[in-house]
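Observations on chain architecture
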Amino acid sequence: MFKHVKELADFAQDKTAPDGSRRYFTESGAAYPSVTTVLSVLSRDSIRQWRQRVGAEEANKISRQASTRGTKVHLLCEDILNNKEIDTSNMSLLDKEMFDKFRPLLDRIDNIHGQEIALFSDHLRLAGRVDCIAEFDGKLSIIDFKTSKKPKRKEWIENYFAQAAGYAIMYEERTGIPINRSAILIAVEGDEPQVFVENRDNYVDILLNARDIWESENV
């Protein structure tokens, strides 16, 4: 059984702004973009090149498959950590094999502060919905669940760490509880899962740079 030490509600509401974009609205009336939207400015050129290389149809197919798989894994993780029974009967054999290898990593999580909580930071002018805030290997961490067709190298996933750094700052601003550690858990197709643990402050500059670029183009 996983222990839950807090029961936190959303700190902001995710909805469509008058200009048609998705924003997180706070009680004070602020409307902040998501941290994932903002960080996408750093990878858009490489994504554009990839789409041109494989073609729009194939790129859309791959993106849909990745999104569907990622959603399934996130929901399974959330249910397991909420001590619910899970059903993997609707998963493909490949996805089930991938998740079965990933599942033991969840046993390294405990003392859960929250899952899928909408957070925001007035200091960062950003918001987002965090996967999990809990102890990982006994240390309070921002925990992010990812899926991948191939193993990752740490230098390829700086955006993941910057995203987690944003959530850590948001959580501290909202609750007064500091979190200096990020744990990225990746389920990998046909391979062993990966775990990357990093210090929050090593990636704040990347996050702020992305925010400044996004604001220069959108505000």
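1. Quick word on helix H4 (residues 93-102)
Looking only at H4, the buried set comprises Asp95, Met98, Phe99 and Phe102. Buried residues of H4, viewed axially, fall in a sector of 95°; they line one side.

2. Overview of the side chain of arginine 23
Tracing the backbone through its elements, the reader meets arginine 23 in strand E2 (residues 22-25). Other than its neighbours up to four places away in sequence, arginine 23 contacts Gln13, Asp14, Lys15, Ala17, Ala31, Tyr32, Pro33 and Trp214.

3. Some remarks on the packing of helix H5 (residues 158-175) against helix H6 (residues 204-218)
Between H5 and H6, whose axes approach to 8 Å, the crossing angle comes to 90°. With respect to each other, H5 and H6 are oriented roughly perpendicular. In this structure, H5 contributes Glu158, Ala162, Ala165, Gly166 and Ile169 to the contact, and H6 contributes Val204, Ile206 and Leu207. Per-class residue counts for the contact of H5 with H6 are six nonpolar, one polar and one charged.

4. Quick word on the pairing of strand E8 (residues 194-199)
Going residue by residue along E8, you find Gln194, Phe196 and Glu198 tucked away on one face and Val195, Val197 and Asn199 left uncovered on the opposite face. The pairing of strand E7 (residues 181-188) with E8 spans six bridges and is antiparallel. Considered in E8, the bridge of arginine 181 is made with asparagine 199. Counting the residues between successive antiparallel strands, the hairpin from E7 to E8 contains five residues, one of them, glycine 190, with a positive phi of roughly 65°.

5. Focus: the sheet that holds strand E5 (residues 126-136)
Working definition: the strands of a sheet are paired by backbone hydrogen bonds and lie parallel or antiparallel to each other. Read across the sheet, five strands follow the order E4-E5-E6-E7-E8 without closing on themselves; strand pairing throughout is mixed. If you trace the sheet from one side to the other, it starts and ends with strand E4 (109-121) and E8, each paired once. Adjacent strand axes in the sheet meet at a mean angle of 30°, parallel and antiparallel pairs treated alike. Pairing between strand E6 (residues 139-148) and E7: seven bridges, direction parallel. Among the inter-strand pairings, aspartate 144 is bridged to a residue of E7, identified as isoleucine 184. Across the sheet, H4 touches E6 and E7, and the angle it forms with E7 is around 145°.

6. Examining unusual backbone geometry
In the Ramachandran plot, asparagine 111 falls in the positive-phi region, its phi being about 50° despite a non-glycine side chain. Relative to the elements of secondary structure, asparagine 111 occurs in strand E4. Backbone geometry places glutamate 116, a non-glycine residue, at a positive phi of 50°. Within the element layout of this structure, glutamate 116 appears in strand E4. For glutamate 116, a relative accessible area of 25% puts it in the partly exposed group.

7. Concerning the confidence of the model for the chain
Note that predicted coordinates carrying low pLDDT should not be read in detail. Of the residues in the chain, 96% have a pLDDT of 70 or more, and the chain-wide mean is 90. Ranking the helices and strands of the chain by mean pLDDT puts E8 first, with 98, and helix H2 (residues 44-54) last, with 71.

About the criteria used
Residues numbered from 1 in each chain as written. Predicted model: local features only at pLDDT ≥ 70, side-chain atom pairs only at ≥ 80, totals over all residues. Heavy atoms only, no water. Buried < 20%, exposed > 50% of the residue type's maximum accessible area, 1.4 Å probe, protein only. Helix = DSSP H or I, 4+ residues; strand = E, 2+ residues; numbered from the N terminus. Arc of directions from axis to C-beta. Contact = heavy atoms within 4.5 Å. Axes fitted to C-alpha atoms, helices over the stretch in contact; angles between N-to-C directions. Parallel < 35°, antiparallel > 145°, perpendicular 65-115°, else oblique. Nonpolar A, V, L, I, M, F, W, Y, C, P; charged D, E, K, R; others polar. Pairing = 2+ DSSP bridges. pLDDT = per-residue confidence, 0-100.

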